[in-house]
Amino acid sequence: MPPVDMLCYFKVQKSDESAFMALMERHWPTLFQAGLTTSEPARVRRCEDKAGNVVIVEGFSWKDASSPGIAHQSPEVKQVWVPYGA
């Protein structure tokens, strides 16, 4: 199966930006170590919208279409994803 490109968009409060970026540093390496992504590292960009809110954009490629489902079952991935909700 071919890789699946992913683009993630996160609105982050400025007061939480440092903690969020620390999670982002762990995100792609965790997915890659689990064999769920291609070898091309994620591309992460910090932006601001017209209102001045912080927006983090991450692009990466899943290894194949089954990878997201496997990621949702992975305890290692969940350790990174659960704090994103906060």
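Caption draft 1: Region of interest: the overall build of the protein. Scanning the protein from N- to C-terminus turns up three helices and three strands. Burial analysis of the protein (86 residues in total) assigns 34% to the buried set. Residue pairs in contact within the protein that sit at least 24 positions apart in sequence constitute 66% of those at least 6 positions apart. For the protein, the accessible area works out to roughly 5,500 Å², and carbon and sulfur atoms hold 56% of it.

Caption draft 2: Molecular detail of the packing of helix H1 (residues 17-33) against helix H3 (residues 75-85). H3 packs onto H1 with a crossing angle of 150 degrees between their chain directions and a minimal axis gap of 10 Å. By the angle between their directions, the pair H1 and H3 is classed as roughly antiparallel. Remark: the crossing between H1 and H3 carries left-handed chirality. Of the residues in H3, those in contact with Phe-20, Leu-23, Met-24, Arg-26, His-27, Thr-30 and Leu-31 of H1 are Glu-76, Val-77, Gln-79, Val-80, Trp-81, Pro-83 and Tyr-84. When the residues that make up the contact of H1 with H3 are grouped by side-chain class, the tally is nine nonpolar, three polar and two charged.

So, how was this worked out
Residues numbered from 1 in each chain as written. Predicted model: local features only at pLDDT ≥ 70, side-chain atom pairs only at ≥ 80, totals over all residues. Heavy atoms only, no water. Helix = DSSP H or I, 4+ residues; strand = E, 2+ residues; numbered from the N terminus. Buried < 20%, exposed > 50% of the residue type's maximum accessible area, 1.4 Å probe, protein only. Contact = heavy atoms within 4.5 Å. Areas by Shrake-Rupley, 256 points an atom, 1.4 Å probe, with all protein chains shown as cover. Axes fitted to C-alpha atoms, helices over the stretch in contact; angles between N-to-C directions. Parallel < 35°, antiparallel > 145°, perpendicular 65-115°, else oblique. Left-handed = near helix turned anticlockwise from the far one by under 90°. Nonpolar A, V, L, I, M, F, W, Y, C, P; charged D, E, K, R; others polar.

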